[in-house]
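# Residue-level structural notes
Here are the chains, one letter per residue:
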Amino acid sequence: MTRSTDITRQPVTKFWLFIVLGLVTTLAFGVTAIWRSSQQPLDNVKADFIYMQNRLIENSIGSHFSQITEGLSYFAQRPVVISAILGESRDNIGVRTALEEFDLLRSLTHIEVIDVLGDRIGMFTPDPRWHGVFSGSEILSLADDQLDSIEPLVNSRYRFDQNFLLVSVPVIHRGLVEGALVANFHIDLIDREFSEIGLRSAILSDASGDTESILPMENVVSRRLDEIGLTLNTSWDYTKLNNDRAALVWSLSGSLFVAVAVAFLALGFVGQSLIVRPQKMLVQSQQELLKSEQRASELAEVAESANDGVVITDNTGKVLWVNRSMVELTGYSADELIGCKPGDILQGPESCPETRKSLHDAVESASPIRTEILNYTKDQKPYWVEIALTPVFDGDYKVVRFIAIERDVTAHIERLELEKELQSARKLEAVGQLAAGIAHEINTPCQFVGDNLNFFHEALEEILPFVEWMRKACDESGASELADRDLDVLRASWESADIGFFVEELPASLSQAKDGMVRISEIVRAMKDLSHPGTDKLSTDLNRVIESCLTVTRSEWKYVANLEMSLFDELPAVFVSPGEINQVCVNILVNAAHAISERYEGETSLRGCIEVTTKATPSAVTIEISDNGCGMPDHVKARIFDPFFTTKEVGKGTGQGLAIAYDIITKRHNGSLKVDSEDGVGTVFKIELPIEQVDEFEQPEQRAA
Amino acid sequence: MHRVHCKPDFLKRLSRTLACAFALVSSVLANAETIELNVYLDADRQGHLASALAIELGVRTALSEVDYEIAGYRLNVVPFDHRGNVKRSKLTMRKYLADDSALAIVGGMHSPPYLRYQHFINWQRVLLLLPWSAAGPLTRVEFGENWVFRLSVDDTKAAERLVEFAQRAGSCDQPALVLWESGWGRTNEKTLSQSLTAAGFSAVPTFYFQGSLRQSDAFHLADKLAEAQVDCVFLVSQTTEGAQIVTELARLPNSPMVISHWGITGADFQDVVPAEKRDAVDLHFLQTCYPFDRADTPENVVRAWNGARNIDPSLDPDITELRAPAGFFHAYDLTKILLKSLAKHPGIVDIRALRILVHDSLEALDEPVDGLMSRYEKPFNVFDPSRAESVDAHEALGLDALCMARWDSDGYIQMIPNTAAALR
């Protein structure tokens, strides 16, 4: 600050120093000029002054002559003049008239048109002062003896007598002189302007004096004017010149001093506003700028060192700046990110389209938004990020940039999914726990309902022959031993009770009821199997496990697919945890149903197909569950057993099912779980379990029923 | 301003008698030395040089045939250039009067100088011989002495020839006069008007133009003639102005026929105005009927031309190459007549007396003079202003000596013969 103040104060100091020096210099100049002029010899000054004034008079004379000469030359070219000069016209009235009508000639004193004989063929006297002292004819009379008298007149164009000058211009015909215009005009060389500066007299003469001479004692200047052939003689008042010169020097010096002093003072005041004040304002601006820069630097450090990713974009969403954390989070370098739109390179195929649209709309509408989205690093590794996007406005409420804070929430999301899965698992566990009790509770009434149905069935078999006999009795006529009246009553009762219908339908109803009970029993048993607590391994009939799974998942697949089972009758028992195998098969069957549903969505007339096959080899038992659903692309198939990997929407699948299944089969049962799928065709899951020796001392209740 | 001096007849006769007596005495007392005489040539050697040179050539050729000497006189030709300025002619006349050796002035093609100073000429007894100037009044005075002798076209007859030709051409129903604003132009207006009136034309429009005519003036003049639907123009002009007028008339869609006085032939008209423009206006001009046939040049003309070529070897052997040939023929013949008259008065020292004697001899000459154009039995007569029959006393040529001519495509003059061409 001090250094900048010193720097800015220097120009101001120099400025005022310049002003003061200027004033002093001006004063010194004025004093010196006056002193020196008083000491200088006067003759040189006077000579210069007179010379200069003479020049002015000469120029004035010259221009006056030129004007008149040009006017006369123009007039001399007029056809009426030429005709009169040549004697072609009968009289000279035309010439006289032309002289009087030519305006330029009115400034002259006297004009004559003279022919080659020296005769005056036209004359005009505008100036009443003309007293005929000198005339053109008298000029010609001087050369009257010479027959070619016109030439000398033209050559000596200017003659002078007192204050009347004589100018003659030739009248040209076919390039040759045939006559002359001779004009007299009065010239007053001494006007008030020149007399005030010391001119005493100015005379033009024919005497050819020296080109230039000044006689100091008489102050007479003679100068030959070659242009007009006359000599200008001027005489000057010496005393007046001296006095005037001294006064001029004093006034010039004084005026100069005052003018310069005023100028410098004005410059000082102007400089104050144009230089000093702006300089101060500049200093102030510099200080404020320094503060702004410091503040900006601090803010930049905050942004740079934040743990979260910070992205600054322009008003179209293109990256202008990213901090270190953003680089680390995404794996892209700052240069790779700058100039791009984050969504174009960070988001991928599994990034939620609705969330992407929301972000896009927020940029378009310059609205703040906070959301979560799945992004991808440069290595295409997915990660969840919470984005807080904030627009920045200028003074005119126009968006100038966006600031996005991006926080990696992958761990948080995974934790939330785990918690959801855990909650689902707990629910299922709870349901499973209840299932056994419910199964038991349901089983008992199912049992005696089933027994009663059996009784009804047996009784019906006894009653049906009697009813048949009654029917025959009602139908046959004439041979019945019943009275007609009783027969009629019997027939009417048969009709109103619709006995025939009952006879026809009752067996089927009872049969269906019995089937229903059998099914309830099977479901209960399946639920019981499913809810089998713990993971203890038992010698298990996998066919039965399959059937239970199919029963439990019927509601998932029965509306969308046909089931085809091909279970190996002699399937050996395997030593597995039935509950866990159940869990695996249920998961696969549900996925199959969902895949078929996805493929045939909207096509209610079409149904898929689920095939379940069991096979056995000497060493292993195989369960194959295949479907003709939507299948999986290769990149999905490759990750199908990864934890938390799912192709379903959030909340519709946690991605844990197959991962757990895989874990159950491979790690807990030393088996293999393989998948084969083709996108748009279908999927086959193959479970292979090793056949293990059954412990001969295993308790019967440990065997799966 | 002109002063007129009228001397009574007896005084005139007395002065002439005393002059002759003095001349006689002086001739007796004079020694046998050759007397130098000057013949002044007063012509426009700027704008009409061809005519001036042709006249000078004619004079010199005639003088050379007598070796410039006759009757004890040695004749010198002194040319002057009046530049078309009538007042310079006056200067020449002044010089002539101040020159004790100046016998005569041979005039150029212009009439205006001599018209303007006619009285001066006659009053001061300037012996003026005109081989070209055609203005009628030049050789006619109302009173006093007449010192102008002409062997040339006479405008009092020129108009008759021009109008007769126009009638012969048959394409002149709406004539107009286009005249140079000068004495010559004004005299021709009178004679042409009279001739046209006699021919049955009336209200013939007349257009005057100034000397030093500008092209724009000629342009407007042509337009005026077109507006007046003129089909025939009688032109009295000098060469330069005539060329401008003919050029502008040729540009008109219906160019009128131009019948011109001979003023346009004094310079190089045919070089300035090309053949197609001359033909466009069917230009014809007045000439005297001098022998100018390339195919048949008379022997005397050949002889005279050879003499001319001795004076100026640069001349073409063919006389038809001569520009302004009328000046040569007329000047030659006129000089022959002068010499014949001068020869009758040898040894006269006093120039004024000699002039009188020569003047009288010219009027009285009755010895034939062989000229190029004709044999002149009695070229001139005594001029008596009181007698009407002496109106042509100082005219050597008559109407029959006037012909019309034209330039062919190569610029050579072609004479158009009259029905009866005969000289007085």
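Residue indices follow the written sequence of each chain, beginning from 1 at its first position. Throughout, the order in which chains and ligands are written sets their labels, letters from A for the former and numbers from 1 for the latter. The predicted origin of the model limits local features to residues at a pLDDT of at least 70 and limits the giving and counting of side-chain atom pairs to 80 or more, whereas totals for whole chains, interfaces and linings rest on all residues.

### Observations concerning the overall build of chain A
Scanning chain A from terminus to terminus reveals 20 helices and 21 strands. Across the 705 residues that make up chain A, the buried fraction comes to 25%. Any two residues are considered in contact once their C-beta atoms, placed from the backbone, lie within 7 Å. For chain A, restricting intrachain contacts to residue pairs at least 6 apart in sequence, the fraction spanning at least 24 positions comes to 62%. Under the DSSP-based scheme used, a helix requires at least four consecutive residues in state H or I and a strand at least two consecutive residues in state E, with every element numbered from the N terminus. Exposed residues have 12 or fewer other C-beta atoms within 10 Å of their own C-beta, buried residues have 20 or more, and partly exposed residues fall in between, where C-beta atoms are placed from the backbone.

### Side note on the overall build of chain B
The helix and strand inventory of chain B stands at 14 helices and 15 strands. Here chain B, with 424 residues, has 51% of them falling under the buried criterion. By sequence separation, contacts in chain B at least 24 residues apart represent 73% of the contacts at least 6 residues apart.

### Examining the interface of chain A and chain B
If you look at the interface, chain A gives 14 residues, while chain B gives 18 residues. Only α3 (79-86) and β5 (176-186) of chain A provide two or more residues apiece to the side of chain A that touches chain B. The element contributing the most residues to the side of chain A that touches chain B is α3(A), with 4 residues. Residue type decides the class: Asp, Glu, Lys and Arg count as charged, Ala, Val, Leu, Ile, Met, Phe, Trp, Tyr, Cys and Pro as nonpolar, and the leftover types, Gly among them, as polar. Of the residues in the side of chain A that touches chain B, the class split is 7 nonpolar, 3 polar and 4 charged.

### Thoughts on the sheet that holds strand β12 (residues 369-376) of chain A
All names here are of chain A. Here we have 5 strands laid out as an open sheet, ordered β11-β10-β14-β13-β12, and antiparallel in their pairing. For this open sheet the edge positions go to β11 (319-322) and β12, each flanked by a neighbour on one side alone. Across the sheet, the axes of successive neighbouring strands diverge by a mean angle of 30 degrees, strand direction being ignored. Relative to strand β14 (residues 399-408), strand β13 (residues 382-393) runs antiparallel, the two being bridged by 9 bridges. From the neighbouring strand, Thr-390 faces β14, where its bridge partner is Ile-403. This element, helix α12 (residues 353-365), spans β12, β13 and β14 of the sheet and lies at about 130 degrees to β12. DSSP bridges decide pairing: two strands pair if at least two such bridges lie between them. Note on method: axes are straight lines fitted to C-alpha atoms, helices fitted across the in-contact stretch only, with angles between N-to-C directions ranging 0 to 180 degrees.

### Comments concerning the confidence of the model for chain B
All names here are of chain B. Of the residues in chain B, 92% have a pLDDT of 70 or more, and the chain-wide mean is 88. Across chain B, strand β5 (residues 128-130) holds the top mean pLDDT of 98, while helix α1 (residues 9-29) sits lowest at 63. Per-residue confidence from the prediction method is given by pLDDT, with values spanning 0 to 100. Low confidence marks residues 1-8, where pLDDT is under 50. Its contacts with residues over four positions away, or in another chain, come to 6 contacts. What the predictor reports for the complex is a pTM of 0.52 with an ipTM of 0.73.

### Some words on the nonpolar core
Nonpolar side chains in soluble globular proteins generally cluster together in the buried interior. Residue and element names in this part refer to chain B. Nonpolar core, as used here: buried Ala, Val, Leu, Ile, Met, Phe, Trp, Tyr and Cys residues forming one set through C-beta atoms within 7 Å. Counting 127 residues, the largest nonpolar core has Val-106, Leu-128 and Val-233 as its most contacted members. How far each domain reaches was decided by an automatic or database domain assignment. Each of domain 1 (9-154 + 301-398) and domain 2 (155-288 + 404-416) gives at least three residues to this core. Leaving out residues up to four positions away in the same chain, Leu-128 has contacts with Ile-105, Gly-107, Tyr-114, Ile-121, Trp-147 and Val-148.

### Here's the deal with the environment of B:Asp370
If you trace the backbone, B:Asp370 turns up in strand β12 (residues 369-370). When the C-alpha atoms of B:Asp370 and B:Ile337 are compared, they prove to be 8.6 Å apart, with 33 residues separating the residues in sequence.

### Focus: the sheet that holds strand β14 (residues 402-407) of chain B
What holds strands together in a sheet is hydrogen bonding between their backbones, with the strands either parallel or antiparallel. Residue and element names in this part refer to chain B. Spatially, the 7 strands line up as an open sheet ordered β8-β7-β9-β10-β11-β14-β15, and their pairing is mixed. Every interior strand has two partners, whereas the edge strands, β8 (206-209) and β15 (413-416), have only one. Sheet twist, expressed as the mean angle between neighbouring strand axes with direction ignored, is 30 degrees. Inspection of the sheet shows strand β10 (residues 257-260) paired to strand β11 (residues 284-288) by 2 bridges, in the parallel sense. Residue pairing across strands places Ser-260 opposite Phe-285, the latter belonging to β11.

### Brief notes about the packing of helix α2 (residues 49-64) of chain B against helix α12 (residues 299-311) of chain B
Helix packing geometry: the angle between the two helix axes and the distance between the axes. All names here are of chain B. Here α2 crosses α12 at 100 degrees, and the two axes come no closer than 9 Å. One way to sum up the angle between α2 and α12 is to call them roughly perpendicular. Counting all contacts with α2, which are made through Leu-57, Arg-60, Thr-61 and Ser-64, the residues of α12 involved are Ala-304, Gly-307, Ala-308, Asn-310 and Ile-311. Residues belonging to the contact of α2 with α12 are distributed by class as follows: 4 nonpolar, 4 polar and 1 charged. The labels follow the angle: roughly parallel below 35 degrees, roughly antiparallel above 145, roughly perpendicular from 65 to 115, and oblique for the rest.

### Structural notes on the packing of α3(A) against helix α4 (residues 93-101) of chain A
All names here are of chain A. Two elements in contact, α3 and α4, have axes whose closest approach is 9 Å; the angle formed by their N-to-C orientations is 145 degrees. Of the two possible hands of crossing, α3 and α4 adopt the one that is left-handed. Two secondary-structure elements touch here, α3 through Val-80, Val-81 and Ala-84 and α4 through Gly-94, Val-95 and Ala-98. Here the contact of α3 with α4 is built from residues that sort into 5 nonpolar, 1 polar and no charged. Less than a right angle of anticlockwise turn of the near helix away from the far helix marks a crossing as left-handed, whereas a clockwise turn marks it as right-handed.

### Structural notes on the environment of A:Gly339
Residues and elements named next belong to chain A. Here Gly-339 is to be found in the loop between α10 (334-337) and α11 (342-346). With 11 C-beta atoms packed within 10 Å, Gly-339 lands in the exposed category. Taking the C-alpha atoms as reference points, Gly-339 and Thr-313, separated by 26 residues in sequence, lie 8.5 Å from one another.

### Examining the environment of B:Leu91
One can find B:Leu91 in helix α3 (residues 86-98). Separated by 11 residues in sequence, B:Leu91 and B:Phe80 have C-alpha atoms that sit 9.8 Å apart.

### Some details on helix α14 (residues 484-497) of chain A
All names here are of chain A. For α14, which comprises 14 residues, the first-to-last C-alpha distance of 20 Å matches the rise-based estimate of 20 Å (1.5 Å per residue) to within 8%. Burial analysis of α14 places just 0 of its 14 residues in the buried class, a small minority of the element. Asp-498 sits one or two positions beyond α14 and adopts a positive phi of about 55 degrees. Take the residue count of a helix, subtract one, and multiply by 1.5 Å to get its expected span.

### Digging into the confidence of the model for chain A
All names here are of chain A. With 78% of its residues at a pLDDT of at least 70, chain A reaches an overall mean of 78. Predicted confidence is poor over residues 141-157, with pLDDT under 50, and the contacts of this stretch with residues over four places away or in other chains come to 25 contacts. Segment residues 213-217: pLDDT under 50, and 6 contacts once partners within four positions in sequence are set aside and those in other chains are kept.

### Brief notes about helix α8 (residues 215-227) of chain B
Residue and element names in this part refer to chain B. When the terminal C-alpha atoms of α8 are compared, their 18 Å separation across 13 residues agrees well with the 18 Å that a helix rising 1.5 Å per residue should span. Where α8 is buried, its residues meet β7 (175-180), β8, β9 (232-236) and α9 (239-251). Of the residues trailing α8, Gln-229 is marked for its positive phi of about 55 degrees.

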